[in-house]
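Coordinates in review
What follows is each chain in one-letter form.
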Amino acid sequence: IHGLVRDAQGRKMSKSLGNGIDPLKVIEKYGADALRFALVTGNAPGNDMRFSDEKLDAARNFANKLWNASRFVLMNIPEGADDERLLTLPTDAELSIEDKWIISELNGLIASVTKNTDNFELGVALSEIYSFTWDLLCDWYIEMAKSRLFALGDAAEVAVRVLIYVLTSVLKLLHPYMPFITEEIYQALPHTDESIMISEYPTADEKHSYPREEEDVNRIITAITAVRARR
């Protein structure tokens, strides 16, 4: 699946150079999930890879981002809400344009991650999950949903149900790479299976594709990003 793991300068790890790493010490400092993430990131089948503290820092930051996003979702689940209803995706008529956008983006992510995983392009698959989670889910959709969540009512419930659906799907896609944090978060969220390990893996579905809404929202995001860049 991969070649040699080299140090940050591209040298082979050896006792004479003193540039080897102790995985147990890395796990103690950064966590097992961060180490796994760092080893897969940028990994191409058969190629050597460089291992660095910067990769570990990025992996730990991603774990923190995922954890904070999950805490936000959990904080907005109404007390005493019915888990079965929370786990049911709203109908098309109930969904807003941003809901359809994130669901459609997720559907494309599932298809792409599945394809790359089947082809052993694990680094590409993980990079796609990272970009979707950090950029689309955390930086855009959660911010879009806040006004509805803070207003409460039916619109807030729809947003929560979409957030649970998207977050749970991301956790399942990410589980092979970061098994510990994904299991911990999965157990805190409304769920049906005893463990994320035995839950059904996400599959792409044409009914979850909304190309028009996806194009419209992406156009808006591009315009906002361009305005921010000029400031």
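Positions within a chain are numbered from 1, following the residues in the order the chain's sequence is written. Given that the model is predicted, a residue must reach a pLDDT of at least 70 before its local features are reported, and side-chain atom pairs must reach 80 or more before they are shown or counted; all residues, however, enter totals for whole chains, interfaces and linings. Side-chain figures throughout are based on the complete set of non-hydrogen atoms in the structure, without hydrogens or water.

1. Some details on the packing of helix α5 (residues 97-118) against helix α6 (residues 122-151)
Operational definition: The angle between two axes is taken between their N-to-C directions and runs from 0 to 180 degrees, where each axis is a line fitted to C-alpha atoms and a helix contributes only its stretch in contact. Numbering of helices and strands runs from the N terminus, with a helix taken as a DSSP run of H or I at least four residues long and a strand as a DSSP run of E at least two residues long. Should an angle fall under 35 degrees it is taken as roughly parallel, and over 145 as roughly antiparallel, whereas 65 to 115 is taken as roughly perpendicular and any remaining angle as oblique. Residue contacts follow a heavy-atom distance rule, with two residues in contact if any of their heavy atoms lie within 4.5 Å. Charged residues are taken to be Asp, Glu, Lys and Arg, nonpolar residues to be Ala, Val, Leu, Ile, Met, Phe, Trp, Tyr, Cys and Pro, and polar residues to be all remaining types, Gly included.
Running from N to C, α5 and α6 cross one another at 170°; their axes reach a closest spacing of 10 Å. Compared by their axis directions, α5 and α6 come out roughly antiparallel. Within the contact between the two elements, α5 uses E98, D99, W101, I102, E105, L106, L109, S112, V113, N116 and T117 and α6 uses L122, V124, A125, E128, I129, F132, L136, L137, W140, Y141, M144 and R148. Residue composition of the contact of α5 with α6, by class: 15 nonpolar, three polar and five charged.

2. With respect to the pattern of salt bridges
Here the idea is simple: oppositely charged side chains can pair when their charged atoms come close. Selection rule: Note on definitions: salt bridges are taken to be side-chain nitrogens of Lys or Arg within 4 Å of carboxyl oxygens of Asp or Glu. Buried means the residue's accessible area, taken with a 1.4 Å probe over protein chains only, is under 20% of the maximum for its type, while exposed means over 50%, and partly exposed covers the values in between.
Enumeration according to the criterion identifies 11 salt bridges in this entry. D57 serves as the salt-bridge partner of R60, at 3.4 Å between the closest nitrogen and oxygen. Residue R60 and its partner D57 are both found in helix α3 (residues 53-75); the two are separated by three residues, about one turn of the helix. Judged by its relative accessible area of 30%, D57 is partly exposed. When the shortest N-O distance is used, the salt bridge between R212 and E213 registers 3.8 Å. E213 gets classed as buried once you look at its relative accessible area, which sits at 11%. Three or more residues are tied together by salt bridges with common partners; here these are R85, E157 and R161.

3. Some thoughts on the packing of α6 against helix α7 (residues 153-174)
Short version of the rule: Two helices that cross are described as forming a left-handed crossing if the nearer one is turned anticlockwise from the farther one by less than a right angle, and a right-handed crossing if clockwise.
Orientation of α6 relative to α7, taken along the N-to-C sense of each, is 165°, at an axis distance of 10 Å. Viewed along their axes, α6 and α7 adopt a mutual orientation that is roughly antiparallel. Judged by the twist between their axes, the crossing of α6 over α7 is left-handed. Across the interface between the two elements, L126, I129, F132, T133, L137, Y141, I142, A145, R148, L149 and A151 of α6 pack against G153, A155, A156, V158, A159, V160, V162, L163, V166, V170, L173 and L174 of α7. When grouped by side-chain class, the residues that make up the contact of α6 with α7 number 20 nonpolar, two polar and one charged.

4. A look at the side chain of S195
Of note, S195 is situated in the loop between α8 (179-188) and α9 (211-230). On the accessibility criterion, S195 (11% relative accessible area) is buried. With residues up to four places along the chain from it excluded, the contact list for S195 reads E183, Y186 and Q187.

5. Structural notes on the packing of aromatic side chains
To keep it simple, the criterion reads: When two rings of Phe, Tyr or Trp (its six-membered ring) have centres within 6.5 Å they constitute a pair, described as stacked for plane angles under 30 degrees, edge-to-face for angles over 60, and tilted for the intermediate range. We call a charge positioned over a ring when the NZ of a Lys or the CZ of an Arg lies within 6 Å of the ring centre and within 35 degrees of the ring normal.
Applying the stated criterion across every chain, the model contains four aromatic pairs. Ring-pair connections join several aromatic residues into one group, and the members of that group are F37, F62, Y130 and W134. Sitting over the face of the ring of F72, K146 holds its NZ or CZ atom 5.6 Å from the ring centroid.

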